[in-house]
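# Analysis of the macromolecular model
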Amino acid sequence: DTGVSQDPRHKITKRGQNVTFRCDPISEHNRLYWYRQTLGQGPEFLTYFQNEAQLEKSRLLSDRFSAERPKGSFSTLEIQRTEQGDSAMYLCASSLVLSAEAFFGQGTRLTVV
Amino acid sequence: AQTVTQSQPEMSVQEAETVTLSCTYDTSESDYYLFWYKQPPSRQMILVIRQEAYKQQNATENRFSVNFQKAAKSFSLKISDSQLGDAAMYFCAYRSARKDKIIFGKGTRLHILP
């Protein structure tokens with residue numbers, strides 16, 4: 001068990017470009033979450049999946065954000081037409097359906113210049 | 001909507017001393033979970049301790065314990081015998097038993113003074 005893995009760890013992109021992040025959850029974890037964390041703040045919920053179904057999406061998530069979990073294993077988070085306000089740490093977490101807590105990856109730090 | 005409030009942005013404690021981090025939350029539900037997560041600088045978030053709302057007994061994990069006051073909606077974390085490795089951001093978090101997303105507070109940065 002290697003824990004939750006996120007790739008890349010760091011991403012610098014120019015404003016207007018599209019970026020995609022990947023998350024590999026702990027094997028057999030059927031729930032997968034995406035959070036965004038800005039400096040000095042707590043993680044902010046973006047969306048979550050149970051298996052391949054996206055069950056909830058934050059109203060804060062604009063149409064430029066999309067997430068997928070096509071086979072119920074890894075997930076991708078895509079941000080289209082990035083803006084400077086998208087600069088943040090994007091955290092992925094996973095859990096079992098019967099488990100209360102989630103386990104986090106190390107995050108992907110996005111910088112939009 | 002559920003909210004989690006951490007009123008102490010930063011705290012400091014002398015090594016080997018005891019420190020208590022405060023957390024309050026707001027919910028209309030009776031069945032839920034509460035957590036404390038630790039996020040060391042540039043490292044991933046890890047679970048420190050969890051508490052089920054239906055349990056009256058306060059959770060304990062080695063040097064970490066909580067004071068869960070359900071009626072007051074208060075959930076504080078006590079760290080005994082503070083160590084340098086305890087320096088981190090600490091987040092209080094809430095999860096309804098009926099819903100799956102975890103809601104976090106803004107965090108408390110804990111400094112350990114040698």
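Read on for an overview of the structure. (Residues numbered from 1 in each chain as written. Chains lettered and ligands numbered in written order. Predicted model: local features only at pLDDT ≥ 70, side-chain atom pairs only at ≥ 80, totals over all residues. Heavy atoms only, no water.)

### Quick word on the nonpolar core
Residues and elements named next belong to chain B. This is how it is decided: Definition of nonpolar core: a set of buried residues of the types Ala, Val, Leu, Ile, Met, Phe, Trp, Tyr and Cys, connected through side-chain atoms within 4.5 Å. Exposed residues in this analysis have more than 50% of their type's maximum accessible area, buried residues have under 20%, and partly exposed residues fall in between, with area computed by a 1.4 Å probe over protein chains only. In this text, helices come from DSSP runs of H or I with a minimum length of four residues, and strands from runs of E with a minimum of two, each type numbered from the N-terminal end.
The biggest cluster of nonpolar side chains holds 27 residues, and the ones touching the most others in it are Leu-21, Tyr-25, Trp-36, Phe-75, Leu-77, Tyr-90 and Leu-110. Looking at this core, the elements with two or more residues in it are strand S2 (10-14), strand S3 (19-21), strand S5 (32-39), strand S6 (46-52), strand S8 (64-69), strand S9 (74-79), strand S10 (88-96) and strand S12 (108-113). Counting residues per element, this core draws most heavily on S10, at four residues.

### Describing the interface of chain B and chain A
Where interface size is quoted, it is often the accessible area lost as the parts come together. Threshold: Residue contacts follow a heavy-atom distance rule, with two residues in contact if any of their heavy atoms lie within 4.5 Å. In this description, buried area is defined as the sum, over both parts, of the accessible area (probe of 1.4 Å) that is lost when the two are combined. Whenever Lys or Arg places a side-chain nitrogen within 4 Å of a carboxyl oxygen from Asp or Glu, that contact is recorded as a salt bridge.
Across the boundary between the two partners, chain B contributes 16 residues, which contact 20 residues of chain A. At the boundary of chain B with chain A, total buried surface from both sides reaches about 1700 Å², with 51% on carbon and sulfur atoms. Summed over the three residues of chain B that lose the most area to chain A, namely Gln-44, Asp-100 and Lys-101 of chain B, the buried surface amounts to 33% of that side. Taken together, the connections running from chain B to chain A amount to three salt bridges. The closest approach of N and O atoms between Lys-101 of chain B and Glu-56 of chain A, which form a salt bridge, is 3.3 Å.

### A word on the pairing of strand S5 (residues 44-50) of chain A
Residues and elements named next belong to chain A. For clarity, the cut-off: Note on pairing: DSSP must find at least two bridges between two strands before they are called paired.
With respect to burial, S5 is a largely interior element, five of its seven residues being buried. For strand S4 (residues 31-37) and S5, the ladder comprises six bridges, and the chain directions are antiparallel. Pairing of Tyr-35 across the sheet is with Phe-45, part of S5. What sits between S4 and S5 in their antiparallel hairpin is a turn of six residues, with Gly-40 showing a positive phi close to 80 degrees. Between S5 and strand S6 (residues 53-57), which pair antiparallel and follow one another directly, the connecting turn spans two residues, one of which, Asn-51, has a positive phi of 55 degrees.

### Quick look at the side chain of His-29 of chain A
All names here are of chain A. Put simply, the rule is: Side-chain atoms alone can form a polar contact between residues adjacent in sequence; in general such a contact is a pair of N or O atoms within 3.5 Å, and within protein one must be able to donate a hydrogen while the other accepts it.
Its location among the elements puts His-29 in the loop between strand S3 (19-24) and S4. Residue classification places His-29 among the buried positions, given a relative accessible area of 9%. Side chain to side chain, His-29 and Ser-94 meet in a polar contact 2.8 Å long. Looking at His-29, its side chain comes within polar contact range of the main-chain nitrogen of Ser-95, at 3.3 Å. Here His-29 is in contact with Arg-69, Ser-94, Ser-95, Leu-96 and Phe-103, once residues within four sequence places are set aside.

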